[in-house]
Amino acid sequence: MSRLFLLDLLALLLFAGMGLLSHGQPVNAGGLARNVLPVLFVWLLLAPFLGTYRRPTWANLLLTWALAFPAGLWLRQMVLGEGFGVGFFVFLAVAMGFSLLFLLLLRGLAKLLRLW
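So, here's what we can say about the structure.

Conventions and cut-offs
Residues numbered from 1 in each chain as written. Predicted model: local features only at pLDDT ≥ 70, side-chain atom pairs only at ≥ 80, totals over all residues. Heavy atoms only, no water. Helix = DSSP H or I, 4+ residues; strand = E, 2+ residues; numbered from the N terminus. Buried < 20%, exposed > 50% of the residue type's maximum accessible area, 1.4 Å probe, protein only. Areas by Shrake-Rupley, 256 points an atom, 1.4 Å probe, with all protein chains shown as cover. Expected span 1.5 Å × (residues − 1). Contact = heavy atoms within 4.5 Å. Polar contact = N/O pair within 3.5 Å; in protein donor to acceptor, adjacent residues only side chain to side chain. Patch = residues over 30% accessible without salt bridge, like charges linked within 9 Å, V, L, I, M, F, W, Y side chains within 5 Å. Salt bridge = Lys/Arg side-chain N within 4 Å of Asp/Glu carboxyl O. Lys, Arg positive; Asp, Glu negative; His and termini not counted.

### What to know about the overall build of the protein
In step 1: For the protein, the count of helices and strands is 4 helices and 0 strands.
In step 2: In terms of principal-axis extent, the alpha carbons of the protein reach across some 40 × 30 × 25 Å.
In step 3: Burial status across the protein gives 37% buried among its 116 residues.
In step 4: Counting every atom, the protein has about 6700 Å² of accessible surface; 76% of that belongs to carbon and sulfur.

Spelled out as structure tokens, the structure:
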């Protein structure tokens, strides 16, 4: 398993954990799974086709994030049976911004420590 994949997974878990905490919910396996698994599912479907780990570049990371994250959040909404009103699009915008922050911070740290 790629070190970069593990860093990306950690970034997604940290993002989900912070989201749960910011909404006053407990950080537990169920909450993390509910929020990370749909995104991770799409991420893992796309990563081989986009070369996310085969050719790890900032561009590949951004492309994977830009495609997998909204699709994963859409899948999450469908699984949870929630609607797609204005609240979803606000959630999508905030989630996209903070998830990218976590991904870039951990990838940047990996680059700095020469793990990548």
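### Focus: helix α1 (residues 3-22)
In step 1: The end-to-end C-alpha separation of α1 is 28 Å, in line with the 28 Å expected for 20 residues at 1.5 Å each.
In step 2: Looking at α1, one finds that the buried residues are Leu4, Phe5, Leu7, Asp8, Ala11, Leu12, Phe15, Ala16, Gly17 and Leu20.
In step 3: In this structure, the buried side of α1 is in contact with α2 (29-50), α3 (58-80) and α4 (86-112).
In step 4: Capping the start of α1 is the job of one residue whose side-chain oxygen sits 3.1 Å from the backbone nitrogen of Leu4: Ser2.
In step 5: Taken from the residues just after α1, Gly24 is the one with a positive phi, measuring 70 degrees.

### A few points about a nonpolar patch on the surface
In step 1: Where nonpolar side chains cluster on the molecular surface, the patch consists of Val86, Val90, Val94, Phe98, Leu101 and Leu105 and spans about 580 Å² of accessible area.
In step 2: If you trace the backbone, Leu101 turns up in helix α4.
In step 3: Of the residues examined, Leu101 reaches a relative accessible area of 42% and is grouped as partly exposed.

### What about the environment of Gly72?
In step 1: Position of Gly72 among the secondary structure elements: in helix α3.
In step 2: With 36 residues separating them along the chain, Gly72 and Val36 place their C-alpha atoms 8.5 Å apart.

### Notes on the side chain of Arg76
In step 1: The topology assignment puts Arg76 in helix α3.
In step 2: An unpaired buried charge is present at Arg76: no salt bridge exists, and Glu82, the closest side chain of opposite charge, is 4.4 Å distant.
In step 3: Sequence-distant contacts of Arg76, that is, excluding residues within four places in its chain, are made with Arg34, Asn35, Pro38, Glu82 and Phe91.

### Observations regarding α3
In step 1: Helix length check: α3, at 23 residues, gives a terminal C-alpha distance of 32 Å against a target of 33 Å (1.5 Å per residue), a fit within 8%.
In step 2: Residues of α3 that are buried: Asn60, Leu61, Thr64, Trp65, Ala68, Phe69, Gly72, Leu73, Arg76 and Gln77.
In step 3: Of the surrounding secondary structure, the elements contacted by the buried residues of α3 are α1, α2 and α4.
In step 4: Among the residues trailing α3, Gly81 stands out with phi positive, at a value near 70 degrees.

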